[in-house]
Amino acid sequence: MIIDSRQRHAIPTLPLMLAVACLLAIAAHQPALAQQSPLSVSGQVVNGSPESGNLVGLAVTLHMQGETLYESELAITDNDGRFVFDGIVYDPAFVYGVSVRYQDVIYGTEVSLENGAPPPVTIEVYEAVYEQDVIRVGSASLLFADADRVTQTVSALEIIKVINDSGYTFVPGSGGPMSLLRFGLPPGAEGLQVDTRLIGADVVQVDRGFAVIGNVPPGEHDILFTYVFPYDGTETTIEKSFPFGADNLRLLSPNEVLTLASEDIGTPESVDIGERPYQLIETSDIERGRRINVQLSGLPRSTLADRVQGAVITARYEYVAPALLAVFLAVLIPFAIIRHRSRRADAV
């Protein structure tokens, strides 16, 4: 397996909405016409785990992030986990947030000062656990978006919804590589790009795929990744592994790209997405550790002229495809699935 090292660590360290808010604030920034009154930012650190630890003496950070300038202030929690920052002068060019480190895990939230002092902020922290049984996959979606005849590669996008409903934060890595959040890739996969909102997450290559190194607090967390993998001839078989199982699994492909099949989970059904026909294989209750084979046939075969052309193709698609495919899978597919299920229910 080959992973493009330029893309291997393409994970945002801040939530996407925070970055967008920062850009919008910078674009709308105008020089202050008058000195604004200082504001106070106050709040409380609370423990959301059934067994709560001591929250006194924690260092809470107020972050102030501008286009080229970053500032911060510290406050210490009292016996009740409360904190306060006084004398904060609001700057519309800054994005504000508060964070705290508890048991080596960072928790935080955004703070809006646009309309004056905000209501008290609550930062919820959790006790750390290291067992993977608190993690499961709610849904796994795999889209075979395109088959390139020239390069003899299939472009794929996956969205995995990781769920932690335990009341504790999962901290990976204490048990070695097998205790990480691992995801498999087909042999020879290249151009991997990964996106997740897990704070401070990073990505590393592991045997047969990659792993996300990041703490997983309670809640639902999407992990999106794109890649291309090679094929030879007009058909190929890939194996998908599910170390955390999956409540629901969807495999999709446009009709004109390739033909889907899987003896392990059933035959495809037809579903229209934006007036374009797709094949859909959907199943549920995938147990932990299960492996599923997916057969891809009807793949385009390259000619000699295609191979010559492939030698001079640029990698522009590598940077454009992930955003387009992400919008496609995250927005269009759920509507199509709902419509497909409604039609099936009406027929019954």
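By convention here, each chain's residues receive numbers from 1 onward along its written sequence. Only residues with pLDDT of at least 70 get local features here, since the model is predicted, and only at 80 or more are side-chain atom pairs given and counted; chain-wide, interface and lining totals rely on the full set of residues. Water and hydrogen atoms play no part in the side-chain values, which are based on all heavy atoms of the structure.

1. Comments concerning the overall build of the chain
From N to C terminus, the chain includes three helices and 22 strands. Surface accessibility follows the Shrake-Rupley procedure with a 1.4 Å probe radius. Residue values consider only the protein chains on display as shielding. Total accessible area on the chain is roughly 18,000 Å²; 53% of this is exposed by carbon and sulfur atoms. Where helices and strands are cited, they refer to DSSP runs of H or I of at least four residues and of E of at least two residues respectively, numbered from the N terminus.

2. Some details on the sheet that holds strand β18 (residues 246-254)
Strands pair, by our definition, only if DSSP identifies at least two bridges between them. Ordered by their spatial adjacency, seven strands build an open sheet running β13-β16-β10-β9-β18-β21-β20, and the pairing between neighbours is mixed. The open sheet is flanked by β13 (190-196) and β20 (269-273), the only strands paired with a single partner. Taken over all neighbouring pairs, the strand axes of this sheet differ in orientation by 20 degrees on average, direction set aside. Relative to β18, strand β9 (residues 135-148) runs parallel, the two being bridged by five bridges. Counterpart to Ala140 in the pairing with β18 is Leu249. Where helices are involved, their axes are fitted lines through C-alpha atoms of the stretch in contact, as for all axes, and angles between N-to-C directions lie from 0 to 180°.

3. Some remarks on the side chain of Gln152
Relative to the helices and strands, Gln152 is located in the loop between β9 and β10 (153-164). At a separation of 3.0 Å, a polar atom in the side chain of Gln152 contacts the main-chain carbonyl oxygen of Pro300. When checking whether two residues touch, look at their non-hydrogen atoms; a contact exists if any pair is within 4.5 Å. Once residues within four sequence positions are removed from consideration, Gln152 is found in contact with Phe229, Pro230, Tyr231, Gly233, Pro300, Arg301 and Ser302. Polar contact criterion, stated in full: a pair of N or O atoms within 3.5 Å, where within protein one must be able to donate a hydrogen and the other to accept it, and residues adjacent in sequence count only if both atoms are side-chain atoms.

4. Regarding the sheet that holds strand β7 (residues 121-125)
By way of backbone hydrogen bonds, the strands of a sheet pair with one another, either parallel or antiparallel. With mixed pairing, three strands are arranged side by side in an open sheet as β4-β1-β7. Only two strands of the sheet have a single partner each, and these edge strands are β4 (82-88) and β7. If you compare each strand with its neighbour and ignore which way they point, the axes differ by 20 degrees on average.

5. Topic: empty space enclosed by the protein
For each structure, a 1 Å grid was placed over the protein atoms alone; sets of points admitting a 1.4 Å probe that cannot get out are labelled cavities, open sets with protein on both sides within 12 Å along at least five of seven lines are labelled pockets, and lining residues have an atom within 4 Å of a point. Grid points are joined across faces, edges and corners, and a volume is the space filled by probe spheres set on the points. The full count for this structure, using the stated rule, is two cavities of 30 Å³ or more. Approximately 160 Å³ is the volume attributed to the largest cavity. Counting residues per element, the ones that place at least two in the lining of the largest cavity are β9, β10, β12 (181-184) and β17 (236-242). The dominant element in the lining of the largest cavity, judged by the number of residues it contributes, is β9, at four residues. Under the grouping applied here, Gly and all other residues not named as nonpolar or charged are polar, the nonpolar ones being Ala, Val, Leu, Ile, Met, Phe, Trp, Tyr, Cys and Pro and the charged ones Asp, Glu, Lys and Arg. Here the lining of the largest cavity is built from residues that sort into ten nonpolar, four polar and three charged. If you trace the second largest cavity, you find it lined by Lys240, Phe242, Leu249, Leu251, Ile265, Ile292 and Val294. Listing elements by their share of the lining of the second largest cavity, those giving two or more residues are β17, β18 and β22 (290-297). Residues that form the lining of the second largest cavity fall into these classes: six nonpolar, no polar and one charged.

6. Quick look at the packing of aromatic side chains
The rule is short: rings of Phe, Tyr and Trp, with Trp giving its six-membered ring, pair when the centres are within 6.5 Å, and they are stacked under 30 degrees, edge-to-face over 60, tilted in between. Summed over all chains, the structure comprises ten aromatic pairs. Relative to Tyr96, the ring of Phe94 has its centre 6.2 Å away and its plane inclined at 50 degrees; by these criteria the two rings are tilted. When sorted by exposure, Phe94 lands in the same class as Tyr96, which is buried. One aromatic cluster in this structure is built from Phe144, Phe183, Phe210, Phe225, Tyr227 and Phe229. Between buried and exposed lies partly exposed: a residue is buried under 20% and exposed over 50% of the maximum accessible area for its type, with that area taken using a 1.4 Å probe on protein chains only.

7. Points about the pattern of salt bridges
A pairing counts as a salt bridge when a side-chain nitrogen of Lys or Arg comes within 4 Å of a carboxyl oxygen of Asp or Glu. Tallied over the full model, the rule gives eight salt bridges. Two residues, Arg136 and Asp247, come together in a salt bridge whose shortest N-O distance is 2.3 Å. Here Asp247 lies in strand β18 and Arg136 lies in strand β9, a separation of 111 residues in the sequence. Of the residues examined, Arg136 reaches a relative accessible area of 27% and is grouped as partly exposed. Residue Arg250 is joined to Glu282 by a salt bridge in which the shortest nitrogen-to-oxygen separation is 3.4 Å. Of this pair, Arg250 sits in strand β18 while Glu282 sits in strand β21 (residues 276-286), placing them 32 residues apart in sequence.

8. A few points about unusual backbone geometry
Even without being a glycine, Gln103 presents a positive backbone phi close to 50 degrees. Along the chain, Gln103 falls in the loop between β5 (95-102) and β6 (105-111). A residue is classified by how much of its surface remains accessible, and Gln103, at 36% relative accessible area, is partly exposed. A positive phi angle is found at Asp285, which is not glycine, with a value near 60 degrees. Within the fold, Asp285 resides in strand β21.

9. As for the side chain of Thr196
Note that Thr196 resides in strand β13. Within polar-contact distance, the side chain of Thr196 engages the backbone nitrogen of Leu198 at 3.2 Å.

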